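Secondary and tertiary structure notes
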Amino acid sequence: MKSEPDVFSIDDLAARPDQTEPWDGVRSHQAKKVLQSMRRGDQAFFYHSNAKPPGIVGIVEIVREAYPDHSQFDSSSKYYDASAKEEAPKWFMVDCRLVRRLARQIPLEELKQHGSSGGPLADMALFKYGRLSVQPVTRQQWEYVLSLEQQQPGGKSSS
DNA sequence: GCCAACGTTGGC
DNA sequence: GCCAACGTTGGC
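Presented here is an overview of the structure given in this document. (Residues numbered from 1 in each chain as written. Chains lettered and ligands numbered in written order. Predicted model: local features only at pLDDT ≥ 70, side-chain atom pairs only at ≥ 80, totals over all residues. Heavy atoms only, no water.)

**As for the overall build of chain A**
Looking only at helices and strands, chain A has five helices and five strands in total. Ordering the α and β elements of chain A from the N terminus gives β-α-β-α-β-β-β-α-α-α. Scaling as 2.2 N^0.38, a compact globule of 159 residues should have a C-alpha radius of gyration of about 15 Å, and chain A matches this with 16 Å. Out of the 159 residues belonging to chain A, those deemed buried represent 43%. Taking as baseline every contact in chain A between residues at least 6 positions apart, the subset at least 24 positions apart corresponds to 68%. Entry remark: accessible area of chain A is about 9000 Å², with carbon and sulfur atoms responsible for 47%. The centroid of the 21 positive side-chain charges in chain A is displaced by 5 Å from the centroid of its 21 negative side-chain charges. (Helix = DSSP H or I, 4+ residues; strand = E, 2+ residues; numbered from the N terminus. Rg over C-alpha atoms; globule rule 2.2 N^0.38 Å. Buried < 20%, exposed > 50% of the residue type's maximum accessible area, 1.4 Å probe, protein only. Contact = heavy atoms within 4.5 Å. Areas by Shrake-Rupley, 256 points an atom, 1.4 Å probe, with all protein chains shown as cover. Lys, Arg positive; Asp, Glu negative; His and termini not counted. Charge placed at Lys NZ, Arg CZ, Asp CG, Glu CD.)

This is the structure we're talking about:
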């Protein structure tokens, strides 16, 4: 799940009551599908986009499954959608709770190194659909990223 | 229904 | 700030 730290960072999430926040503002049908597939108890990576450097900074847990995104009905919100009706919402959100920060940020550049030339992360949605704000992660990718967390920055995956 | 114009995302 | 990718809009 991507967020621009200038708008909403992992620090902001940590400061929320119960470290929980509705993930509103998703306005892509592709991303909506991913949101709606999330189940309570699922975990997701918190990714800082448009950051220096961009990368994965933490783990969140889905504590409430998809329900109508309140911002689509709020004319003062930048996410307002005049075409959405209360009785027929167009956009959805989930509630996320901070599980933990990673021991170190895993920068996009490092993820890419493990995705090039058929690496373990070669099929990550992050590279294929760069602009998708909520993306699926396979179990294998998830575990591999967590194994990177334990390594020194720039370290090799094996040998 | 096609497609050019335009806006947004997000890495660099 | 630039620009590639890509989604949306609107004329026809």
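**A word on helix 5 (residues 139-149)**
All of the buried residues in helix 5 are Gln-141, Trp-142, Tyr-144, Val-145, Leu-148 and Glu-149. Turning to helix 5, the residues buried within the fold contact strand 3 (43-48), strand 4 (55-68), strand 5 (92-107) and helix 3 (108-113).

**Quick word on the packing of aromatic side chains**
Across all of its chains, the model carries two aromatic pairs by this definition. Taking the centre distance of 5.5 Å and the plane angle of 80 degrees together, the rings of Trp-23 and Phe-46 count as edge-to-face. Of this pair, Trp-23 sits in the loop between strand 2 (20-22) and helix 2 (29-37) while Phe-46 is found in strand 3, placing the two residues 23 residues apart along the sequence. By relative accessible area, which is 0% here, Phe-46 ends up buried. An angle of 15 degrees between the planes, with centres 4.0 Å apart, marks the rings of Phe-45 and Trp-142 as stacked. Separated by 97 residues along the polypeptide, Phe-45 in strand 3 and Trp-142 in helix 5 bring together distant segments of the chain. The ring of Trp-91 has Lys-32 sitting right over it, with the charged end atom 5.5 Å from the ring centre. One cation-aromatic arrangement involves Arg-64 over Tyr-67; the distance from NZ or CZ to the ring centre is 3.4 Å. (Phe/Tyr/Trp six-rings, centres within 6.5 Å; stacked < 30°, edge-to-face > 60°. Lys NZ or Arg CZ within 6 Å of the ring centre and 35° of its normal.)

**Remarks on the sheet that holds strand 3**
Adjacent strands of a sheet form backbone hydrogen bonds with each other and so pair up, either parallel or antiparallel. If you walk across this open sheet you meet the five strands as 1-3-4-5-2, and the pairing is mixed. One side of each edge strand has no neighbouring strand; the edge strands of this open sheet are strand 1 (2-3) and strand 2. As paired elements, strand 2 and strand 5 share three bridges and run antiparallel to each other. In the sheet register, Pro-22 faces strand 5, and the bridge partner there is Asp-95. (Pairing = 2+ DSSP bridges.)

**Focus on the side chain of Ser-3**
Inspection of the secondary structure puts Ser-3 in strand 1. Ser-3 sits in the buried class, given a relative accessible area of 9%. Of the polar contacts made by the side chain of Ser-3, one reaches the backbone oxygen of Phe-8; its length is 2.5 Å. (Polar contact = N/O pair within 3.5 Å; in protein donor to acceptor, adjacent residues only side chain to side chain.)

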